[in-house]
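Survey of secondary and tertiary structure
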Amino acid sequence: MQKDKIKRTQNLALISAQEAIFDTVDERGQERIDEQLLATYGKTFYFAARFLPAQRRQALTTLYGFFRLLDDLVDERTVGWDAQDVRLELDAWRGWLNDGCRASAPRAALGTRLAELIEQHHIPQTLFLDFLDGLLSDLYPREIRTFRELYRYCYCVAGTVGRVLAHLMGTESPQALLAAEHLGIGMQLTNILRDVGADLASDRVYLPQDDLLRFGSSRAHLTNLMEAPGCLDDRFRVLMRYQIRRAHSYYACGLPGIWMLPADCRLPMLLAGRLYRRILTVIERRDYNILQSRASTNMAEKIQEAVITSLVLSFWKEGITNPAAEWEVALEAHAEG
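Cut-offs used in this document
Residues numbered from 1 in each chain as written. Predicted model: local features only at pLDDT ≥ 70, side-chain atom pairs only at ≥ 80, totals over all residues. Heavy atoms only, no water. Helix = DSSP H or I, 4+ residues; strand = E, 2+ residues; numbered from the N terminus. Expected span 1.5 Å × (residues − 1). Buried < 20%, exposed > 50% of the residue type's maximum accessible area, 1.4 Å probe, protein only. Core = buried A, V, L, I, M, F, W, Y, C linked by side-chain atoms within 4.5 Å. Contact = heavy atoms within 4.5 Å. Bend = angle between axes of the 7 residues up to and from the residue. Phe/Tyr/Trp six-rings, centres within 6.5 Å; stacked < 30°, edge-to-face > 60°. Salt bridge = Lys/Arg side-chain N within 4 Å of Asp/Glu carboxyl O.

**Let's talk about helix α4 (residues 54-75)**
Relative to the 32 Å expected for 22 residues at 1.5 Å per residue, α4 spans 31 Å between its end C-alpha atoms, a close match to the ideal helical length. The element α4 is extensively covered by neighbouring structure, given that 17 of its 22 residues are classed as buried.

**Quick word on the nonpolar core**
The biggest cluster of nonpolar side chains holds 89 residues, and the ones touching the most others in it are L70, F128 and L207. The biggest single contributor to this core is helix α8 (residues 147-168), with twelve residues. When near neighbours in sequence (up to four residues on either side) are disregarded, F128 contacts L63, F66, F67, L97, L114, I118, I123 and V164.

**Comments concerning α8**
An ideal rise of 1.5 Å per residue puts 32 Å on 22 residues; α8 measures up with 29 Å between its terminal C-alpha atoms. Along α8, the largest kink reaches about 50 degrees and is centred on Y155. For α8, the buried fraction is high: 18 of the 22 residues fall into the buried class. G170 sits one or two residues past α8 and shows a positive phi near 95 degrees.

**Remarks on the packing of aromatic side chains**
Evaluated as defined, the whole model comprises twelve aromatic pairs. Aromatic pair F66 and F128: ring centres 5.7 Å apart, planes at 75 degrees, arrangement edge-to-face. On the criterion of sequence distance, the pair formed by F66 in helix α4 and F128 in helix α7 (residues 125-137) is long-range, its members being 62 residues apart. As far as the burial class goes, F66 and F128 line up, both buried.

**A look at the pattern of salt bridges**
This model, assessed by the stated rule, comprises 20 salt bridges. For D72, the salt bridge is made with R68, and the minimal N-O distance between the two is 3.5 Å. Taken together, the positions of D72 and R68, both in helix α4 and four residues apart, correspond to about one turn of that helix. As far as the burial class goes, D72 and R68 line up, both buried.

See the structure below:
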């Protein structure tokens, strides 16, 4: 957990450095900076983004820089961090967006790049405003009462990102946008599960209170388990199984929508979704031991998923689009073996 904190603090420093030197580097140098940010702190997306066409890849790294910068402003509470200062910056971004991105952005270089993408790809500004709403809700300690509340939060911080990326890839159909939203929510639910311990240490519990009550758990129960490594109990395991099933249901709704993307975007987007979904398998393989360390995929698993994704796309071209079909399960079992 301490290692994760150090890495995220380095992340914030890297983004700040990126903004500071943007005006002093040429376009090729800026591309390298964006790539470094994504490679260092967005490993899953970086691995998948390698398969994107160059222009879309650079646009994705710019968007990642925006979303990551603001997320870390909220989450990275180092010495001197002040909620009111962060709120002022988030409100400034809101004002900039509401003004049609015409004035100078709170961070001018980033705003210039973002405004170009919004105009070029016809991205609704409401998606960025909803994203800011999600971040504002994270400024103070919180508990989520119901899954309805959790869904709204996941939509704000991740479903919006899915919809933004769908626009970036050139898709605006209602079906594709809803699938992108569901995929983003599945990914955010995965993040919540892999970060239960880290979030608890930051005085946050994203697991719905009614779910905790249903399975005989509570904030105090989770805290006791976190502070006693190796003492997980069946209440926690059953709770995690239930949350994992819920996350899988959103992947099942979101992943088939990737077929509605342009052909040159399908492989990287499907790979990113499948890699995130595979984190759920890692959690299960660890017997839900996620309170002291974060679950993630290793390079061998990433390569396996890249091979499987290529084969899945070849089947999709033949008209087989069900991600739960027997042939895909067999491919996964072969890769695991």
